[in-house]
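Okay, here's what each chain looks like letter by letter:
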Amino acid sequence: MSLGFRVSGRIGRPVAEVFDAVVNPKKLSGYFTTIGGASAPLVSGVGVVWWGKVPVEVDEVIKDSRIVLRWDATDADGRPAYKTRIEMNFEPLDDGGTFVTIAESGWREGAVGLKKSYLNCEGWSQMLTCMKAYVEHGINLRDGYYRSEMKGEPANETNI
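Because the structure is a prediction, the values reported are computed rather than measured.

**Notes on the pattern of salt bridges**
Scanning all chains against the criterion turns up 12 salt bridges. One salt bridge connects Glu-17 with Arg-13, and the closest N-O pair in it is separated by 3.6 Å. Overall, the relative accessible area of 34% leaves Glu-17 in the partly exposed class.

This is the structure in structure tokens:
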């Protein structure tokens, strides 16, 4: 069995606006991939780069509904060993807001997989929080938040 998690939250904007905040590289770079940016829009079957160095494979994009991505999971020495799967779902709410759920799965069982899944769970939880502040209020919460961001470096497990 592989390790995985699910995080979710409500963003007080229509689903089209929230979805665009993820697929649009300029917007994503305004609250999540703030250092190094996002290289291109998320389009099914296309690869993009986040933070100027992290390759992301885009498996599926269903407008205003769902995004499926894959990216490298690393071994104990930090080398890419296999891919994990990220699924983002966008649910329109009756009040005009959007309920976003992000699930990542596929880490191998063991201490390394568990540690890395916890780090990514923290990262996706913070991504949702940052997206809420950015989409609802135009605020970039990542600015100066992580030690890495204060140094102008993308966050990773050794510098947050």
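Don't stop here, the text continues.
**Looking at the nonpolar core**
The biggest cluster of nonpolar side chains holds 37 residues, and the ones touching the most others in it are Trp-50, Met-88, Trp-124, Met-127 and Met-131. Of all the secondary-structure elements, those providing two or more residues to this core are strand 1 (3–11), helix 1 (15–23), strand 2 (47–50), strand 3 (54–62), strand 4 (66–74), strand 5 (80–92), strand 6 (98–107) and helix 3 (111–137). Residues contacting Trp-50, with those up to four places away along its chain left out, are Leu-28, Phe-32, Thr-33, Gly-37, Ala-38, Leu-42, Val-56, Leu-69, Trp-71 and Trp-124.

**Some remarks on the packing of aromatic side chains**
Aromatic rings considered in pairs are described by the distance between their centres and by the relative angle of their planes. Taken as a whole, this structure holds 10 aromatic pairs when the rule is applied. Between Trp-50 and Trp-71, the ring centres sit 6.0 Å apart and the planes meet at 85°, which makes this aromatic pair edge-to-face. Here Trp-50 is found in strand 2, whereas its partner Trp-71 is found in strand 4, with 21 residues between them in sequence. Take Trp-50 and Trp-71: they sit in the same class, and that class is buried. Among the aromatic residues, those joined into a ring-pair cluster are Phe-32, Trp-50, Trp-51, Trp-71 and Trp-124.

**Details of the side chain of Ser-117**
Turning to its location among the elements, Ser-117 is positioned in helix 3. Since its relative accessible area comes to 6%, Ser-117 is described here as buried. Not counting the four nearest positions on each side in its chain, Ser-117 is found in contact with Leu-3, Phe-5 and Trp-107.

**Comments concerning the environment of Tyr-82**
Note that Tyr-82 resides in strand 5. Overall, Tyr-82 belongs to the buried group, its relative accessible area being 14%. Taking the C-alpha atoms as reference, Tyr-82 lies 8.6 Å from Gly-106; in sequence the two are 24 residues apart. Aside from chain neighbours lying at most four places away, what touches Tyr-82 is Trp-71, Asp-72, Ala-73, Gly-106, Trp-107 and Arg-108. At 3.0 Å, the side chain of Tyr-82 and the backbone nitrogen of Arg-108 are in polar contact.

Calculation notes
- Residues numbered from 1 in each chain as written.
- Predicted model: local features only at pLDDT ≥ 70, side-chain atom pairs only at ≥ 80, totals over all residues.
- Heavy atoms only, no water.
- Salt bridge = Lys/Arg side-chain N within 4 Å of Asp/Glu carboxyl O.
- Buried < 20%, exposed > 50% of the residue type's maximum accessible area, 1.4 Å probe, protein only.
- Core = buried A, V, L, I, M, F, W, Y, C linked by side-chain atoms within 4.5 Å.
- Helix = DSSP H or I, 4+ residues; strand = E, 2+ residues; numbered from the N terminus.
- Contact = heavy atoms within 4.5 Å.
- Phe/Tyr/Trp six-rings, centres within 6.5 Å; stacked < 30°, edge-to-face > 60°.
- Polar contact = N/O pair within 3.5 Å; in protein donor to acceptor, adjacent residues only side chain to side chain.

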